[in-house]
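# Tertiary structure, described
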Amino acid sequence: MSKQATKPATETSNAPVHTIRVNGIRASIWKNETDKGPRYNTTFERSYRDGEEWKNSESYGREDLLVLAYVAKASFAWIVSQPTK
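Described below are features of the structure shown in this document.

Calculation notes
Residues numbered from 1 in each chain as written. Predicted model: local features only at pLDDT ≥ 70, side-chain atom pairs only at ≥ 80, totals over all residues. Heavy atoms only, no water. Salt bridge = Lys/Arg side-chain N within 4 Å of Asp/Glu carboxyl O. Helix = DSSP H or I, 4+ residues; strand = E, 2+ residues; numbered from the N terminus. Buried < 20%, exposed > 50% of the residue type's maximum accessible area, 1.4 Å probe, protein only.

## A few points about the pattern of salt bridges
Applying the stated criterion across every chain yields a total of five salt bridges. Here R46 ties to D64 by a salt bridge, and the two come within 3.6 Å at their closest N and O atoms. Of the two residues, R46 is situated in strand β4 (residues 37–50) and D64 in the loop between β5 (53–57) and α1 (65–80); the sequence distance between them amounts to 18 residues. The exposure class assigned to R46 is buried, which follows from its relative accessible area of 19%. A relative accessible area of 13% places D64 in the buried class. Note that D50 and K55 form a salt bridge whose closest N and O atoms lie 2.9 Å from each other. K55 gets classed as partly exposed once you look at its relative accessible area, which sits at 28%.

Spelled out as structure tokens, the structure:
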């Protein structure tokens, strides 16, 4: 696998609390506060270059699927490592 980049969220409420990127695949983890404690959701996105322009897609080809699975597993590991109420 290529380099894995992770970063904490900024203080902006519309920002994900954590992101994980491997190659062009990115997982954004979102925190939702509930009366039973925080709940997390994850969205996935693939970045690609079309000429000089960078674009994003939620469609994955055969060569992306193992990377997507790896990023999903890393997202799960991050979420379960978070403290609960």
